[in-house]
Amino acid sequence: MPIGEFSERSGLSAKRLRSYAAAGLLVPAAVDSSSGYRYYGPGQLRDAQLIDALRAAGVPLVDIFSLLRDPSTERLEEWAELIDIDASQRQDALRAARRLIDAGHDVPSAIETREQTMPVLTAAARTDIGRVRENNEDVALCLDHVVAVADGMGGHAGGEVAAALAIALIDAAFTGQSVDELVAGVRAANRAIAERAHTAGLEGMGTTICAAGAVAGGLVAVVNVGDSRAYLLRDGELRQLTDDHSLTAELVRRGELTEAEAAEHPHRNVLTRALGVGTTVDVDSALYEVRPGDRLLLCTDGLFNELAADEIAAVLDSTPDAAAVADALVDRAVAHGGHDNVTAVVADIRR
Ligand code: MN
C-alpha cells in the first residue's frame with residue numbers, strides 16, 4: 001500500500017515513517033524507481049507500531065534492531081527493570097544535588113572536572129556527488145563530540161541506506177565513554193546492514209565507516225573499516241591515522257606495490273573489508289592524544305584519489321575556518337575530475 005494509506009492505518013506520520021526508513025528500522029517493501037514513491041506491505045503494520053512503541057519507551061535504536069530480529073517479551077521485562085533502575089538512580093542524583101545546593105556553592109563539581117579533559121570539536125562537513133556518479137552514496141556525521149564519514153555501495157538505494165544506517169548507529173552508540181562504544185556502533189551497523197542486504201532493492205549493499213569521537217582524558221578515539229580515512233594535522237604536518245582496507249593498500253603494506261603504483265591501480269576500489277558483507281567484521285580502533293589547535297580530517301576515497309597528500313595538507317593549513325577548508329577540499333577534488341562522490345569532515349580540537 002502507498003505510504004499515505006500505511007501512515008493512516010499505522011497511525012504514524014509519513015515523516016516518522018521516513019525517519020524509520022532512513023535509520024533502516026522499517027525499510028519500505030518497494031520504492032517506485034521513477035517517482036521515488038514508497039510502498040509498504042500489510043505485514044509491516046505491526047513492526048511499524050512496535051518500533052514506535054519502543055521508541056516512545058526510550059529503547060535505543062540498537063536494541064530495537066536486535067528485538068525486531070529476535071522478538072521476545074523477556075527483553076521487554078529487562079527494559080522495564082532498566083527503566084525502574086534508571087528512575088531510581090535519577091531520583092538519587094536529584095537528592096544528592098539538593099544536598100549540594102543546601103550545603104553551599106563551594107563544593108567542587110565532578111562533572112566540571114571531567115568535562116575539562118573532554119575534547120570539544122568544532123566541525124564542518126561537505127559532500128558532493130562529483131561529476132560522474134548518478135547518486136551520492138556518501139554520508140557524513142558532524143557533531144561537537146563525534147564525526148564520521150561512510151561511503152556506501154550497492155545498486156539502487158542500497159549504498160545510501162547502508163551509509164545512513166552506519167552513521168545513525170554510530171551516533172546512537174557513542175556517548176564519549178570509550179573507544180569501545182564506537183567499535184560497538186560499527187559492529188551493530190554491520191549486523192543491521194547485513195540483515196537488510198537481502199531485502200529487494202537493497203541487495204549487496206555495504207559501506208565503509210570512519211569515525212572519530214572525543215573521549216575523556218584529552219583523547220580522540222578513531223575507528224575504521226574500508227577505505228575512508230582519518231588524518232591529523234598538527235603544526236602543519238599531516239599524518240594519516242587509519243590504514244585502508246583495500247586490495248592495493250594491503251599490497252603496499254606487504255611491499256608488493258609502491259604507493260605510486262597503487263594510486264594508478266585499476267583495482268584500487270576493491271575493498272578487503274566493508275560493513276554489511278559478513279555477520280562479523282574486523283574493526284580497526286585506536287586512541288590518540290589531541291590538543292587545542294589540532295585539526296582532524298575524515299574523508300572518503302573520492303577526496304584522496306583526486307588530491308595528493310601535500311595538497312590536502314596545504315588546504316588544511318590554509319585557514320582557521322573549518323567550513324571553508326571542507327568546501328575548498330571538496331571543490332578541488334571535483335575540479336580535479338570528481339570521478340566519485342566526495343566527502344570531507346574537518347574537525348578542530350577546540351579544547
Ligand atoms: Mn567512494
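All values derive from a computational prediction rather than experimental measurement.

### Examining the overall build of the chain
Link 1 in the chain: Along the chain, the regular secondary structure elements total 13 helices and 13 strands.
Link 2 in the chain: A compact globule built from 351 residues would reach a C-alpha radius of gyration of about 20 Å, and the chain, at 22 Å, matches this within 12%.
Link 3 in the chain: Reported as C-alpha extents along the three principal axes, the dimensions of the chain are approximately 60 × 60 × 35 Å.
Link 4 in the chain: When contacts within the chain are restricted to residue pairs at least 6 apart in sequence, those whose partners lie at least 24 apart make up 66%.

### Re helix α8 (residues 179-196)
Link 1 in the chain: The end-to-end C-alpha distance of α8 is 26 Å, a good match for the 26 Å that 18 residues give at a rise of 1.5 Å each.
Link 2 in the chain: All buried positions along α8 are accounted for by Glu 181, Leu 182, Gly 185, Val 186, Ala 188, Ala 189, Asn 190, Arg 191, Ala 192, Ile 193 and Arg 196.

### Quick notes on the nonpolar core
Link 1 in the chain: In this structure, Ala 148, Ala 166, Ile 170 and Val 345 are the most contacted members of the largest nonpolar core, which totals 89 residues.
Link 2 in the chain: Broken down by element, this core gets its largest block of residues, 11 residues, from helix α7 (residues 158-173).

### Quick look at the domain arrangement of the chain
Accessible area lost when the parts come together is the quantity often used to give the size of an interface.
Link 1 in the chain: Per the domain assignment, the segments making up the chain are domain 1 (3-69), domain 2 (73-107) and domain 3 (121-349).
Link 2 in the chain: Inter-centroid distance (C-alpha atoms) of domain 2 to domain 3 is 38 Å.

Parameters and conventions
Residues numbered from 1 in each chain as written. Predicted model: local features only at pLDDT ≥ 70, side-chain atom pairs only at ≥ 80, totals over all residues. Helix = DSSP H or I, 4+ residues; strand = E, 2+ residues; numbered from the N terminus. Rg over C-alpha atoms; globule rule 2.2 N^0.38 Å. Contact = placed C-beta atoms within 7 Å. Expected span 1.5 Å × (residues − 1). Buried ≥ 20, exposed ≤ 12 C-beta atoms within 10 Å, placed from the backbone. Core = buried A, V, L, I, M, F, W, Y, C linked by C-beta atoms within 7 Å. Domains from an automatic or database assignment.

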